[in-house]
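In case you want the letters, here they are:
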Amino acid sequence: MLDVLIVGAGPAGAVAGAILARSGAGVCLVDRATFPRDKLCGDTVNPGTLARLEVLGLADDIEARGLRVDGMLVTGEGDVAIAGRYPGQRAGRAIIRRDLDWLLLQRALTAGCEFEPGVAVRRPIVDHGRPQPVVRGAVVGTSAASCELHARVTIAADGRRSTIAFGLGLARHPVRPRRWAIGGYFENFAPQTTINAEVAEHPEKDALRVPRGLRCTSVFGEMHVRRGRYIGVAPVPGGLTNVCLVRPAGPADAELADPAAMLIRELARDRALRDRAAGARLVGPPVVLGPLAVDVCDAAIDGLLLAGDAAGFIDPMTGDGLRFATRGGELAAAAALQALEHGWTGVHARLRAARRVDFAGKWRFNRVLRTLVSSPRGVDLAAAAARVAPAILRAVIARAGDCHVE
Ligand SMILES: Cc1cc2nc3c(=O)[nH]c(=O)nc-3n(C[C@H](O)[C@H](O)[C@H](O)COP(=O)(O)OP(=O)(O)OC[C@H]3O[C@@H](n4cnc5c(N)ncnc54)[C@H](O)[C@@H]3O)c2cc1C
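Residues numbered from 1 in each chain as written. Predicted model: local features only at pLDDT ≥ 70, side-chain atom pairs only at ≥ 80, totals over all residues. Heavy atoms only, no water.

K.L.:
Is there a simple way to explain the overall build of the protein in this structure?
P.N.:
Scanning the protein from terminus to terminus reveals 12 helices and 22 strands. At 21 Å, the protein has a C-alpha radius of gyration in line with the 22 Å of a compact globule built from 406 residues. The buried share of the protein, taken over its 406 residues, is 55%. Within the protein, residue pairs in contact and separated by at least 24 positions form 72% of the contacts whose partners lie at least 6 positions apart. A total accessible area of about 17100 Å² is found for the protein, and carbon and sulfur atoms account for 54% of it. Here the protein carries 52 positive and 42 negative side-chain charges, and the mean point of each set is 5 Å from the other. (Helix = DSSP H or I, 4+ residues; strand = E, 2+ residues; numbered from the N terminus. Rg over C-alpha atoms; globule rule 2.2 N^0.38 Å. Buried < 20%, exposed > 50% of the residue type's maximum accessible area, 1.4 Å probe, protein only. Contact = heavy atoms within 4.5 Å. Areas by Shrake-Rupley, 256 points an atom, 1.4 Å probe, with all protein chains shown as cover. Lys, Arg positive; Asp, Glu negative; His and termini not counted. Charge placed at Lys NZ, Arg CZ, Asp CG, Glu CD.)

K.L.:
What is the right way to look at the layout of surface pockets in this model?
P.N.:
Empty space among the atoms becomes visible once a probe the size of a water molecule is rolled across them. Of the pockets and cavities examined, the second largest pocket occupies roughly 410 Å³. Along the walls of the second largest pocket sit 20 residues, with D79, R226, D270, R271 and A272 positioned nearest its centre. Classifying every residue of the lining of the second largest pocket gives three nonpolar, seven polar and 10 charged. (1 Å grid on protein atoms, 1.4 Å probe; cavity = no way out; pocket = protein on both sides within 12 Å on 5 of 7 lines; lining within 4 Å. Points joined across faces, edges and corners; volume = space filled by probe spheres on them. Nonpolar A, V, L, I, M, F, W, Y, C, P; charged D, E, K, R; others polar.)

K.L.:
Even after reading the chapter, I still don't get the site of the ligand, so can you show me in this structure?
P.N.:
Within the structure, the ligand sits among 35 residues, and D31, G42, T44, D309 and L322 are positioned closest to it. Within the backbone of G42, an N or O atom sits 2.7 Å from a nitrogen atom of the ligand. The contact in question runs from an oxygen atom of the ligand to an N or O atom on the side chain of D309, over 2.7 Å. In the complex, the protein chains occlude 95% of the 1000 Å² of accessible area that the ligand would expose alone. (Near = heavy atom within 4 Å. Polar contact = N/O pair within 3.5 Å; in protein donor to acceptor, adjacent residues only side chain to side chain.)

K.L.:
I would appreciate a short explanation of the packing of aromatic side chains in the present structure.
P.N.:
Between two aromatic rings, the relevant description is the distance of the centres plus the angle of the planes. A complete count under the given rule lists five aromatic pairs for this structure. Through a chain of ring-to-ring contacts, three or more aromatic side chains come together here, namely F324, F359 and W363. It is R399 that lies over the ring of F365; its NZ or CZ is 5.7 Å from the centre. (Phe/Tyr/Trp six-rings, centres within 6.5 Å; stacked < 30°, edge-to-face > 60°. Lys NZ or Arg CZ within 6 Å of the ring centre and 35° of its normal.)

K.L.:
Can you walk me through the pairing of strand 10 (residues 134–141) in this structure?
P.N.:
Along any regular strand the residues' side chains alternate between the sheet's two faces. The element strand 10 is largely enclosed, with a buried count of six among its eight residues. Taken together, the six bridges between strand 9 (residues 121–127) and strand 10 define a ladder with antiparallel strand orientation. Of the residues in strand 10, the one forming a bridge with P124 is A138. Joining the antiparallel neighbours strand 9 and strand 10 is a turn of six residues. (Pairing = 2+ DSSP bridges.)

K.L.:
Just to check I follow, could you spell out the confidence of the model for the protein for this structure?
P.N.:
Considering every residue of the protein, the mean pLDDT works out to 89; 93% of them sit at 70 or more. Contacts of residues 196–217 to residues separated by more than four positions or lying in other chains number 56 contacts, the stretch itself having pLDDT below 50. (pLDDT = per-residue confidence, 0-100.)

K.L.:
When you look at the pattern of salt bridges in this model, what are you seeing that I'm missing?
P.N.:
Here the idea is simple: oppositely charged side chains can pair when their charged atoms come close. Scanning all chains against the criterion turns up 26 salt bridges. A salt bridge links R247 to D253; the nearest nitrogen and oxygen atoms lie 2.5 Å apart. Overall, R247 belongs to the buried group, its relative accessible area being 9%. Note that K362 is salt-bridged to D402, the shortest N-O span being 2.8 Å. Separated by 40 residues along the polypeptide, K362 in helix 10 (residues 347–374) and D402 in the segment after helix 12 (390–400) bring together distant segments of the chain. One network of salt bridges, in which partners are shared, links R52, R327, E330 and D358. (Salt bridge = Lys/Arg side-chain N within 4 Å of Asp/Glu carboxyl O.)

K.L.:
How should I be thinking about the sheet that holds strand 4 (residues 67–69) in this particular structure?
P.N.:
What holds strands together in a sheet is hydrogen bonding between their backbones, with the strands either parallel or antiparallel. Read from one edge to the other, the open sheet built from three strands follows the order 3-7-4, with strand pairing classed as antiparallel. Of all strands in the sheet, those with a lone pairing partner are strand 3 (44–45) and strand 4, marking the two edges. With two bridges connecting them, strand 3 and strand 7 (residues 92–94) associate as antiparallel partners. In the strand pairing of strand 7, V45 is matched with R93.

Written out as C-alpha cells, the structure reads:
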C-alpha cells in the first residue's frame with residue numbers, strides 16, 4: 001500500500017509530489033505520457049506563480065531558462081492597444097511547457113518521488129462499503145493488462161479531462177461556454193512593434209496608451225481580444241512564438257478539422273497581427289483542445305484530493321492556470337499530510353476553505369472576464385473603457401498576473 005498515489009505528473013502533480021516526498025511520505029507519481037512531453041499552453045508563468053515556485057525552491061532553473069516577461073500588451077477592437085507593466089518590478093517567465101514540466105518533475109524525483117511514465121489510469125478504486133464512498137487508489141494499464149495501485153491517499157492531478165474526476169461524477173463540462181483552443185509554434189513571427197519603448201524605459205509609467213510604430217525593448221505577453229474570440233501571442237525561448245486562438249466551437253465544427261489553416265486564416269485577417277504573421281511558418285501541427293471549461297463540485301472526498309485543472313478550469317485568457325495548479329498542488333499536499341497523520345475527518349472542509357481563501361476572488365475575476373469577452377457588446381465596452389481610462393486595464397493586467405500574491 002502506497003502512502004500517496006499521484007495521477008498526473010504535470011505542474012500540480014509534480015509540486016504536490018515534491019512537497020510530500022520532502023516531508024517523508026512514500027509517493028508514486030504515474031503519468032500516461034513519457035516525459036518530457038508537450039502540453040498546449042500559452043507558455044507563460046505569471047509573476048504570482050513564479051513567486052510561489054521561488055518560495056518552494058522550485059524556480060531557479062525556470063528563471064534561468066525562461067524569457068523574462070515584464071507585462072502584457074492587450075489589444076482590442078478599434079485599434080485599442082494598451083501595454084501594462086507588472087507593478088513593483090515583478091516579472092514572469094515565458095518557457096515552453098515541455099521544458100517547464102520536465103524541470104518541475106525532475107525536482108519531484110530529486111525529492112524522492114517514484115515515477116512511472118507511460119502508465120494510464122483507467123478508473124479509481126472505490127470502496128462503497130462505508131456510508132460515504134472512499135477512494136483506495138486506481139486501476140492502471142490497458143484493457144488487456146491492468147493492475148490495481150492501492151494508496152492511503154490518491155491525488156488526481158490528471159488535468160482538465162481528469163479520468164478520476166469525470167469517472168466519479170465530480171466534474172462536468174458546463175453547457176456554456178463551449179470554447180476551444182487551437183495553439184501552435186511559429187518561426188519568423190515578427191516581434192511586435194507597438195509597445196511603447198517608454199514602457200520599458202520608464203517603469204514608473206505602468207501603463208500607457210501605445211503610440212504606433214515604436215520598437216519593443218522588453219518581452220511582453222500579448223492578448224488580442226476580438227469579438228467572439230481572442231488570440232494569445234508569446235515569444236518563447238529558441239526564437240519561436242507561441243500563438244493560441246480561443247473561440248467558440250462545437251465538436252462537429254468543420255473548421256477544427258484543419259486547425260493549421262484556421263490559425264493561419266485568423267492571423268491573416270487580424271489587423272494587428274497580419275503583417276507580423278506574413279512571413280511566419282508553423283513549426284509543427286497545432287494542437288486543438290476543447291471544450292475548455294470544466295466545473296467541479298468538490299475538490300475532495302475520502303481517500304481522494306483533486307489538484308490543478310482536475311479540480312476545475314475556467315478559461316485560459318487570464319494565463320493563471322499554472323498558479324492554480326502549483327498552489328493547488330501545494331494545498332493538496334498539505335491535506336494529504338493531514339490525512340496520513342490524523343485520518344480524513346475535517347480534511348475536506350479545511351481543503352475547501354483553503355482553496356476558497358486562495359482562489360475564490362480570482363475565480364470570480366476570471367468568470368467576469370470570460371463573460372465580458374464572450375459578448376460582442378462586452379468587448380466593445382471594454383475597448384471604450386480602456387481608451388478613456390487605461391489604468392483600469394493596468395489593474396486588470398496586474399490582477400491577471402497574480403501580482404498581489406506571494
Ligand atoms: C490554450 C491554453 C493556454 C494556456 N495558457 C496558460 C498560460 O500562459 N499560463 C498559465 O499559467 N496557464 C495557462 N493555461 C492553463 C494551464 O495550461 C493549466 O492550468 C495547467 O497545465 C494545469 O496543470 P495540471 O498539472 O493541473 O495539468 P496538466 O498540465 O494538464 O497535467 C496533467 C497530466 O496528467 C496526465 N494524465 C491525464 N490523464 C491521465 C490518466 N488517465 N492517467 C495518467 N496520467 C494522466 C497528462 O499526461 C498530464 O501530464 C492554458 C491552458 C490552455 C488550454
